[in-house]
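Close look at the chain arrangement
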Amino acid sequence: MSLYKNYPDRSMPKRFRNGTIVVLLLLFALATIFPIYFMIISSLGDPVEAGAMSYSLWPTKISFASYKFFFDYSEYSLRWLVNSLLVAGSVMISNVIFASMAGYAFSKVKFRGRAFLFTLLLIAMMIPYQVTQVPLYILIVNVFELQNTYTALIVPGLVTVYNIFLAKQFMSSIPKEIIESAKIEGCSQFQIYLRIILPLSKTVLAVMAILTFMDSWNTFFWPFLVTNTMDMQTIQVGLKNFRFANTTYFAPMMAGATISALPMFVLFFSLQRYFLEGVTVGAVKG
C-alpha cells in the first residue's frame, strides 16, 4: 500500500517511488519494442543464409538488398501483400457492419429468445479457436469445395463473437431515451441504427476495426490450411518460403516481416485517438 501513499512533493520516498515506477515502465517498454527493433535492423543486412549472417544489436552496415531480394525472390511477393490486404480489409469491414448490427439488436431491440441467443454466443467465446479448425476445414474444403479461394479465406471470419459482444456492451450504455425519441419522430429500426447508433459508436467501431484487421493480417494457420498455391498465399504464409530444409534466408524474411507490419502501424496511428477513447469507455462511471 505504500506505493499509493501520498508523500510530500519533495520527499525522498516519493522520489524513490516515482523513480522506481519510471524504471520499470522503461524496462517494459524496451522489452516490448526490442523485437521490432531487431526485426528492422536484421532486415538491413545482406541477403545471405542464416548461418552466414553476423548478428548484432547495432547495425554495422545498412543495405536494402534484402528488400530487393524479397520482391525479386518470387513473382508473387507483391501478390502476397495484396492478398493479405484484401482478406484483412474484407474481414474488418464485414465485422464492423455485422457485429454492429448484431450488437444493436441484442442491446436495443426486444425479441423473443434474445437472452438465450446471447448466452449461446458467450458460450461460443469459451471454445478455443484451435478446436474449431478441423470441423471448419472439413466444411470449407470437403463440403463446399472452396479450397484455395478468397471465399475460404474470408468467410470464416466475416463476424466474430467477440466483436458482437464488444458492440453489444458499448451500445447498451447509449440512453434508451434517444431511441424512443427517434421512434416518435418516425424513424425505422434501420434508420435509428444508421443515423443514431453508428455515429455514437464510432469509438468502439474503431477498436473493432483495428483489432480485427490486426488479427486477420497476422493469421497464419488458417490461410496455410486452405491455400495450396503460391498465388493465393497471404504474406504471413508467403514468408515461410524463405525457409528451406537446410537453411533460411533470414534477412529477406525480416524484410518481408517489416513490410507486412507497415499497414498495421498506419491503421493504428490513423485511428489511435478513437482507439484510446474506445478502450477507456465504461472504465469510469459517473
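Residues numbered from 1 in each chain as written. Predicted model: local features only at pLDDT ≥ 70, side-chain atom pairs only at ≥ 80, totals over all residues. Heavy atoms only, no water.

A full pass over the atoms with the stated rule returns 17 aromatic pairs. Summarising the aromatic geometry, the rings of F69 and Y249 are spaced 5.2 Å apart at their centres and angled 35° between planes, so their arrangement reads as tilted. Highlighted residues: F69 in helix α2 (residues 65–73) and Y249 in the loop between α12 (235–238) and α13 (250–270), separated in sequence by 180 residues. Both rings, one in F70 and one in F242, keep their centres 5.6 Å apart while their planes meet at 20°; by these two values the pair is stacked. Of this pair, F70 sits in helix α2 while F242 sits in the loop between α12 and α13, and the two are 172 residues apart along the sequence. (Phe/Tyr/Trp six-rings, centres within 6.5 Å; stacked < 30°, edge-to-face > 60°. Helix = DSSP H or I, 4+ residues; strand = E, 2+ residues; numbered from the N terminus.)

To continue, consider the environment of V226. Looking at the secondary structure, you find V226 in helix α11 (residues 221–226). Setting aside residues no more than four positions away along its own chain, V226 makes contact with Y137, V141, Q147, N148, A152 and L153. (Contact = heavy atoms within 4.5 Å.)

It is worth spelling out a nonpolar patch on the surface at this point. Residues I93, I97, F98, M101, V159, F190 and L194 make up a contiguous nonpolar surface patch of roughly 610 Å² in combined accessible area. Secondary structure elements with two or more residues in the nonpolar patch: α3 (77–108) and α9 (189–200). Among the elements that line the nonpolar patch, the one with the most residues is α3, at four residues. Tracing the backbone through its elements, the reader meets M101 in helix α3. Under the relative-accessibility criterion, M101 is labelled partly exposed at 35%. (Patch = residues over 30% accessible without salt bridge, like charges linked within 9 Å, V, L, I, M, F, W, Y side chains within 5 Å. Areas by Shrake-Rupley, 256 points an atom, 1.4 Å probe, with all protein chains shown as cover. Salt bridge = Lys/Arg side-chain N within 4 Å of Asp/Glu carboxyl O. Buried < 20%, exposed > 50% of the residue type's maximum accessible area, 1.4 Å probe, protein only.)

The next point concerns the environment of P252. In this structure, P252 sits in helix α13. The spatial distance from the C-alpha of P252 to the C-alpha of P47 is 5.8 Å, given a sequence separation of 205 residues. For P252, the contacting residues outside a window of four places in its chain are P47, S66, F69, F70 and F242.

Right, let's get into unusual backbone geometry. A positive phi angle, near 55°, is found at E145, a position not held by glycine. Tracing the backbone through its elements, the reader meets E145 in the loop between α5 (133–143) and α6 (150–154). Given a relative accessible area of 64%, E145 falls into the exposed group. Despite not being glycine, N148 has its phi angle at roughly 65°, a positive value. Structurally, N148 is set in the loop between α5 and α6. Classification of N148 by relative accessible area gives buried; the value is 19%.

Secondary-structure assignment places Q236 in helix α12. A relative accessible area of 16% means that Q236 is categorised as buried. At a separation of 3.3 Å, a polar atom in the side chain of Q236 contacts the main-chain carbonyl oxygen of W217. Ignoring anything within four residues of it in the chain, the contact list for Q236 reads W217, N218, T219, F220 and S260. (Polar contact = N/O pair within 3.5 Å; in protein donor to acceptor, adjacent residues only side chain to side chain.)

For the structure shown, the criterion picks out one salt bridge. The partner of K68 in a salt bridge is D72, with the nearest N and O atoms 2.7 Å apart. Of the two residues, K68 and D72 both sit in helix α2, four residues apart, roughly one turn of that helix. With relative accessibility at 56%, the residue K68 sits in the exposed group.

A separate point is the confidence of the model for the protein chain. Per-residue pLDDT for the protein chain has a mean of 85; in total, 90% of the residues score no lower than 70. Confidence scores differ between elements of the protein chain, with helix α14 (residues 272–280) showing the lowest mean pLDDT of 66 and α6 the highest of 95. (pLDDT = per-residue confidence, 0-100.)

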